[in-house]
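Read off the chains here:
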Amino acid sequence: MKILVTGGAGFIGCNFVHYMLEQHPEDGIVNLDLLTYAGNLESLADVESAPNYSFVKGDIADREFIMELFQKENFDVVVNFAAESHVDRSIVDPGVFVRTNVMGTQVLLDAAKEFGVKRYHQVSTDEVYGDLPLDRKDLFFTEQTPLHTSSPYSASKAGSDLLVLAYCRTFGLPVTISRCSNNYGPYQFPEKMIPLMLTRALADESLPVYGKGENVRDWLHVKDHCAAIDLILRGGKVGEVYNIGGHNERTNLEVVRTILAALGKPESLIHFVADRLGHDLRYAIDPKKIEKELGWKPQYSFDTGIRQTIDWYLEHKEWWQHILDGEYSNYFNRMYKL
Ligand code: NAD
Ligand code: TDX
């Protein structure tokens, strides 16, 4: 299979590229990424000379470029990770979220339709379902939960999901969608909560916890997410949505305290700051469908996954230090001698 992975230089995309090259060396991977602030080729330095992997710099919203690429490469499968992904940034500048997440997705769908792609997979999020109340632990997001978004980010992701389903119903495009909970693990950009708190705690800097730290997220190890997408590509039913999550709910304060304890840092580093606008209270996935239909089971509990993630950040200081220094953006030019 020849697979186009978009956004493969980002956090989940680069883990997916690693996962697929390990699990399916018979497949070819083309990684298309615009290398925005969130794209980092240093995360793929170990695979860049693999014979079945190549990188292309480009924009999913650039129609001419995308059409030429699809014509040249003849992809069997498209997995679309490319997106603006940070909720806080969507509150400051919603426009780029609509451009990349909605319009970029539409360009990819048109190309997939035009060139007869056999499967188009959209990587979506549980945030399209809105949030759940803190005092109703019995409620979970199922695939039937209505879309009810809160932030410009989640609205743009819901918009792209609806387009994907429309291209399936109207044009018969063979699509699948996955909606997962908060990912954590190696190579996550240190603007997201876990790596932000980790890297700041290591520097003895204050940890900005929004509101009272009571909001709940349902943590999914990125490797479990990659395994789930792989299963959907191979066995998922066309036109279906699959929720992915492993029942690992924690309040933000619990997560921050776990990180501090593991690093031997004091809780006095915690600073409660003004809440995020429109802050979703609780996310919690019901993963029964993917467990039952595709036999997916998460391998990581939050306790083992977070320990391994902390160790990874401790062992890969150079990777995140380059990001904090801005050095990583020079890597592309150095590697490709531009
Ligand atoms: P990320 O921000 O780390 O990576 C996004 C990647 O997309 C970057 O490499 C960036 O350069 C690239 N990109 C951005 N705009 C582009 C464009 N116009 N053309 C080509 N490439 C472009 O994001 P992530 O956390 O890895 O998330 C990947 C996907 O998973 C996103 O679609 C996101 O909505 C979804 N998701 C993420 C999480 C999470 O917890 N991180 C949870 C649920 C769903
Ligand atoms: O400085 C912070 N302080 C804080 O209290 C940051 C950055 C976050 N938080 C809180 C907000 C959230 O309740 O931590 C929680 C997690 O925040 P993020 O890491 O920004 O993730 P979230 O907003 O939950 O969204 C993530 O999961 C779903 C991803 O960024 C999305 O791309 C994905 O769709």
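Look above for the structure.
Read on for a plain summary of the structure.

The rules we used
- Residues numbered from 1 in each chain as written.
- Chains lettered and ligands numbered in written order.
- Predicted model: local features only at pLDDT ≥ 70, side-chain atom pairs only at ≥ 80, totals over all residues.
- Heavy atoms only, no water.
- Salt bridge = Lys/Arg side-chain N within 4 Å of Asp/Glu carboxyl O.
- Helix = DSSP H or I, 4+ residues; strand = E, 2+ residues; numbered from the N terminus.
- Buried < 20%, exposed > 50% of the residue type's maximum accessible area, 1.4 Å probe, protein only.
- Expected span 1.5 Å × (residues − 1).
- Bend = angle between axes of the 7 residues up to and from the residue.
- Contact = heavy atoms within 4.5 Å.
- Axes fitted to C-alpha atoms, helices over the stretch in contact; angles between N-to-C directions.
- Parallel < 35°, antiparallel > 145°, perpendicular 65-115°, else oblique.
- Left-handed = near helix turned anticlockwise from the far one by under 90°.
- Nonpolar A, V, L, I, M, F, W, Y, C, P; charged D, E, K, R; others polar.
- Phe/Tyr/Trp six-rings, centres within 6.5 Å; stacked < 30°, edge-to-face > 60°.
- Pairing = 2+ DSSP bridges.

**Observations concerning the pattern of salt bridges**
Consideration 1: Tallied over the full model, the rule gives 21 salt bridges.
Consideration 2: Across the salt bridge formed by D110 and R63, the nearest N and O atoms sit 2.9 Å from each other. Placement of the pair is D110 in helix α4 (residues 95–114) and R63 in helix α2 (residues 63–73), with a sequence separation of 47 residues.
Consideration 3: Exposure remark for R63: the relative accessible area of 34% places this residue in the partly exposed category.
Consideration 4: K289 is paired through a salt bridge with E240; the nearest N and O atoms lie 2.5 Å apart. Of the two residues, K289 is situated in helix α9 (residues 288–294) and E240 in the loop between α7 (222–235) and β11 (241–244); the sequence distance between them amounts to 49 residues.
Consideration 5: Note on K289: relative accessible area 16%, which makes it buried.
Consideration 6: Exposure remark for E240: the relative accessible area of 28% places this residue in the partly exposed category.
Consideration 7: Bridged by salt links that share partners, the residues K2, K72 and E73 form one connected network.

**Observations concerning α4**
Consideration 1: With 20 residues, α4 should reach 28 Å at 1.5 Å per residue; the first-to-last C-alpha distance of 27 Å fits that figure.
Consideration 2: At G104, α4 shows its largest bend, some 25 degrees.
Consideration 3: What α4 keeps buried is the set F97, T100, N101, V102, G104, T105, V107, L108, L109, D110, A111 and A112.
Consideration 4: For α4, the elements touching its buried residues are β1 (2–6), α2, β4 (77–80), α3 (87–92), β5 (119–125) and α5 (152–171).
Consideration 5: Where α4 terminates, the next one or two residues include G116, which has phi positive at roughly 65 degrees.

**Some remarks on the packing of α4 against α5**
Consideration 1: Put simply, α4 and α5 touch, their axes get as near as 8 Å, and they point 15 degrees apart. Taken together, α4 and α5 sit at an angle that is classed as roughly parallel. Relative to α5, α4 is oriented so that their crossing is right-handed. Only Y153, S156, K157, S160, L163, V164, Y167 and F171 of α5 make contact with α4, whose side of the interface consists of F97, V98, N101, V102, T105, Q106, L109, D110 and K113.
Consideration 2: Tallied by class, residues from the contact of α4 with α5 come to nine nonpolar, five polar and three charged.

**Describing the packing of aromatic side chains**
Consideration 1: According to the stated counting rule, one finds 15 aromatic pairs in the structure shown.
Consideration 2: Where Y184 meets F302, the ring centres are 5.2 Å apart and the plane angle is 65 degrees; that geometry is what we call edge-to-face. One end of the pair, Y184, is in strand β7 (residues 183–184); the other, F302, is in helix α10 (residues 302–315), with 118 residues separating them in the sequence.
Consideration 3: By relative accessible area, which is 0% here, Y184 ends up buried.
Consideration 4: Overall, F302 belongs to the buried group, its relative accessible area being 1%.

**Points about the sheet that holds β4**
Consideration 1: One open sheet accounts for seven strands, arranged β3-β2-β1-β4-β5-β6-β11; its pairing is parallel. Sheet topology places β3 (53–57) and β11 at the edges, where each strand pairs with a single neighbour. Shown here is a sheet whose adjacent strand axes are inclined to one another by a mean of 20 degrees, direction ignored.
Consideration 2: As defined by bridge partners, β1 adjoins β4 across four bridges and the pair is classed as parallel.

**Some points on the packing of helix α6 (residues 193–202) against α10**
Consideration 1: Remark: α6 packs on α10, axes separated minimally by 11 Å, with the N-to-C direction vectors making an angle of 50 degrees. On the basis of their axis angle, the class for α6 and α10 is oblique. Once α6 is placed against α10, the crossing between them reads as right-handed. When α6 is examined against α10, the residues I194, P195, L198, T199 and L202 are found in contact with a partner set consisting of F302, I306, I310, Y313 and L314.
Consideration 2: Taken together, the residues of the contact of α6 with α10 break down into nine nonpolar, one polar and no charged.

**Considerations on unusual backbone geometry**
Consideration 1: For L35, which is not glycine, the phi dihedral falls at a positive 55 degrees.
Consideration 2: Residue position: L35 is located in the loop between β2 (28–33) and β3.
Consideration 3: The phi torsion at Y187 lies on the positive side, around 70 degrees, for a residue other than glycine.
Consideration 4: Structurally, Y187 is set in the loop between β7 and α6.
Consideration 5: The buried category is assigned to Y187, whose relative accessible area is 15%.

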